[in-house]
Amino acid sequence: MIAALMPTYNRADLAFERGEGCWLYTGDGRRFLDFGAGIATSSLGHNNPHLVAAIAEQAGKVMHVSNLYRVPGAEKLAARLVAATFADSVFFCNSGAEANEGMVKMMRRAMAETGRPERFRIICFDGAFHGRTLAMLAATGNAKYLQGFGPTVEGFDHVPFENMNAVRDAIGPNTAGILVEPVQGEGGVRPASLRFLQELRATCDEYGLFLGLDEVQCGMGRTGKLFAHEWAGIEPDVISAAKGIAGGFPMGAVLAREAVARHLVAGTHGTTFGGNPLACAAANAVLDVVLEPGFLEGVDRRGRTLWRELEKVVQDEPEVFSDVRGAGLILGLKCKVPNTEVQNAFTAEGLLTVGAGDNVVRLVPPLVVTDDDIATAVEMVRRGARRCRPSLSQAAAK
Ligand SMILES: *Cc1c(COP(=O)(O)O)cnc(C)c1O
């Protein structure tokens, strides 16, 4: 008989009862160092006093009123995001996929409203992940995810990541824009080169296209900048954010330049929950921390420390790992043995991680991870790797 909770996930047999900082505790008293952060989402860690207080205080006032009324917390949050980024205007929603949907709608609508309605196609990349709604499945383009869900939504073309010639070849009379993750997360923690991002910007300018960035995973401080594209010194036209934006409270956002945003006039797009007082209280609390002077520099520094230490493990475990990749606190260990095996070994050592495509294990700790947490995690990675040495299992089999 089917489980009451629909079995759409392969869940680890772990149930956490509470958390504190980067640590999670099961009901039966075991503790785990959380370098998965609920898939790069619990940006302030668990039970962060500032975030908890903000949510509790807002819940005690009013949680939800709908977008039929002004929401001061949303106005404040949008103004802060505008002040801190390239964007002129922000739309709030509830998830990454929904933010990406909004971004694509904005690009298409801006083309239609400026006399180019035939320009609706979006160029996307192999290895991308943009979410699980019908249109974002098409944008993701992974055949495995599309299987059995009927006709693929029209309007998404795929080219190899990091290949400018392929991008140029794919641009046609129906192209509206380009959609890319500055760091591919699910696809295997593959950062776009800064040069590639710069060339995408230049190409969009040359052809009059919109550059849309999916910063759902790599944004909100994860790479050591508020948004990952800042490393490339470029300004996109529109980006999506979600995951870490409200520290684990569900929220998404589309940040856009006026040229794109102004075409989504009243009545053209909407959501019941998006940007409600509770979500905005959580996101404002996250921003309080992330925008504190020195915080992002700290993420950058700790990311470099973790990278350096992982590099050493890779050198010491050449049978298990081939390299470290990523940026800031979104790092991947490319494995030579199945990544699920490595992940299980890490879990057995008390370290939670997330799998990714291309046989990679992802390390995406809370942004507030301490140097001590990092040292502890690296020890667990070392011990876990030792368990995975193929020579060891061969010896054991004899
Ligand atoms: C997780 C993710 C999404 C989808 O976000 P949901 O909140 O699960 O809908 C989209 N894009 C990227 C890059 C992601 O990492």
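These numbers come from a predicted model, not from an experiment.

**Examining the site of the ligand**
Step number 1: Residues in close proximity to the ligand include Ser 95, Gly 96, Ala 97, Asn 100, Phe 129, His 130, Gly 131, Glu 181, Asp 214, Val 216, Gln 217 and Lys 243, which together make up its full environment.
Step number 2: Take Gly 96: an N or O atom from its main chain is 2.8 Å from an oxygen atom of the ligand.
Step number 3: One of the backbone N or O atoms of Phe 129 is found 3.2 Å from a nitrogen atom in the ligand.
Step number 4: Compared with its free state, where it exposes 380 Å², the ligand has 81% of that area covered by protein.
Step number 5: Ranked by residue count, the leading element in the shell around the ligand is helix α4 (residues 96–113), at 3 residues.
Step number 6: Taken together, the residues of the shell around the ligand break down into 3 nonpolar, 6 polar and 3 charged.

**So, α4**
Step number 1: If you check α4, its first and last C-alpha atoms are 25 Å apart, about what 18 residues at 1.5 Å a residue would give, namely 26 Å.
Step number 2: Buried within α4 are the following residues: Gly 96, Ala 97, Ala 99, Asn 100, Gly 102, Met 103, Val 104, Met 106, Met 107, Ala 110 and Met 111.

**Quick word on the pattern of salt bridges**
Proximity of charged atoms lets side chains of opposite charge pair with each other.
Step number 1: In the structure shown here, the tally under the stated rule is 23 salt bridges.
Step number 2: For Arg 201, the salt bridge is made with Asp 237, and the minimal N-O distance between the two is 3.1 Å. With a gap of 36 residues between them, Arg 201 in helix α8 (residues 194–207) and Asp 237 in the loop between β10 (210–214) and β11 (238–241) connect regions that are remote in the sequence.
Step number 3: A residue is classified by how much of its surface remains accessible, and Asp 237, at 8% relative accessible area, is buried.
Step number 4: Ionic pairing is found between Glu 349 and Arg 387, a salt bridge with its closest N-O pair at 2.7 Å. Placement of the pair is Glu 349 in helix α12 (residues 339–349) and Arg 387 in helix α13 (residues 371–388), with a sequence separation of 38 residues.
Step number 5: Overall, the relative accessible area of 17% leaves Glu 349 in the buried class.
Step number 6: What makes Arg 387 partly exposed here is its relative accessible area of 47%.

**A look at the nonpolar core**
Step number 1: Residues Leu 200, Leu 255 and Phe 321 are the most contacted members of the largest nonpolar core, which totals 86 residues.
Step number 2: No other element matches the 9 residues that helix α10 (residues 277–290) contributes to this core.
Step number 3: For this core, the two domains that each supply at least three residues are domain 1 (16–40 + 298–397) and domain 2 (50–290).
Step number 4: In this structure, Cys 93, Met 103, Val 104 and Met 107 belong to the second largest nonpolar core, which totals 23 residues.

**Quick look at the environment of Phe 149**
Step number 1: With respect to the helices and strands, Phe 149 occurs in the loop between α6 (143–146) and β6 (156–159).
Step number 2: We classify Phe 149 as exposed; its relative accessible area is 53%.
Step number 3: For the pair Phe 149 and Leu 134, spaced 15 residues apart in sequence, the C-alpha to C-alpha distance is 8.1 Å.
Step number 4: Discounting residues that sit within four places of it in the chain, Phe 149 has contacts with Leu 134 and Leu 137.

**A word on the domain arrangement of the protein**
Step number 1: Domain parsing of the protein yields domain 1 (16–40 + 298–397) and domain 2 (50–290).
Step number 2: Domain 1 and domain 2 are separated by 28 Å when their C-alpha centres are compared.
Step number 3: At the junction of the two partners, domain 1 supplies 22 residues and domain 2 supplies 18 residues.
Step number 4: Across the domain 1 to domain 2 interface the summed buried area is about 1,500 Å²; carbon plus sulfur atoms make up 61%.
Step number 5: The interface formed by domain 1 and domain 2 holds 1 salt bridge in total.
Step number 6: Arg 362 is paired through a salt bridge with Glu 186; the nearest N and O atoms lie 2.8 Å apart.
Step number 7: Applying the counting criterion to the domain 1 and domain 2 interface returns 7 residue pairs in polar contact (both at pLDDT 80 or more).
Step number 8: Elements with a minimum of two residues in the side of domain 1 that touches domain 2: α1 (37–40), α11 (295–316), β13 (321–327), β14 (330–335) and β17 (360–363).
Step number 9: Here the residues of the side of domain 1 that touches domain 2 sort into 13 nonpolar, 4 polar and 5 charged.

Quick notes on the rules
- Starting from 1, residues in each chain are numbered consecutively following that chain's sequence as written.
- Per-residue local features are limited, in this predicted model, to residues with pLDDT of at least 70; the limit for side-chain atom pairs, both in listing and counting, is 80 or more; totals at the level of whole chains, interfaces and linings are taken over all residues.
- Hydrogens and waters are ignored; side-chain quantities use all the structure's heavy atoms.
- To be near a molecule or strand, a residue needs just one of its heavy atoms within 4 Å of it.
- In protein, a polar contact means a hydrogen-donor-capable atom and an acceptor-capable atom, both N or O and within 3.5 Å, with residues adjacent in sequence counting only if both atoms are side-chain atoms; elsewhere, any N or O pair within 3.5 Å suffices.
- Reported accessibility uses the Shrake-Rupley method at a 1.4 Å probe radius. Residues are deemed covered only where the shown protein chains occlude them.
- In this description a helix means any DSSP run of H or I spanning at least four residues, a strand means any run of E spanning at least two, and both kinds are numbered starting from the N terminus.
- Any residue that is not Ala, Val, Leu, Ile, Met, Phe, Trp, Tyr, Cys, Pro, Asp, Glu, Lys or Arg is counted as polar, Gly included; the first ten are nonpolar and the last four charged.
- The span you would expect from a helix comes to 1.5 Å times its residue count less one.
- Accessible area is worked out with a 1.4 Å probe on protein chains only. A residue is then buried under 20% of its type maximum, exposed over 50%, and partly exposed in between.
- The rule for a salt bridge is simple: a side-chain nitrogen of Lys or Arg has to be within 4 Å of a carboxyl oxygen of Asp or Glu.
- Residue types Ala, Val, Leu, Ile, Met, Phe, Trp, Tyr and Cys, when buried and joined through side-chain atoms within 4.5 Å, form a set referred to as a nonpolar core.
- Note that the domain bounds reflect an automated or database-derived domain assignment.
- Any pair of residues with heavy atoms lying within 4.5 Å of one another is described as a contacting pair.
- Summed over both partners, buried area is the accessible surface (1.4 Å probe) that two parts give up on being assembled.

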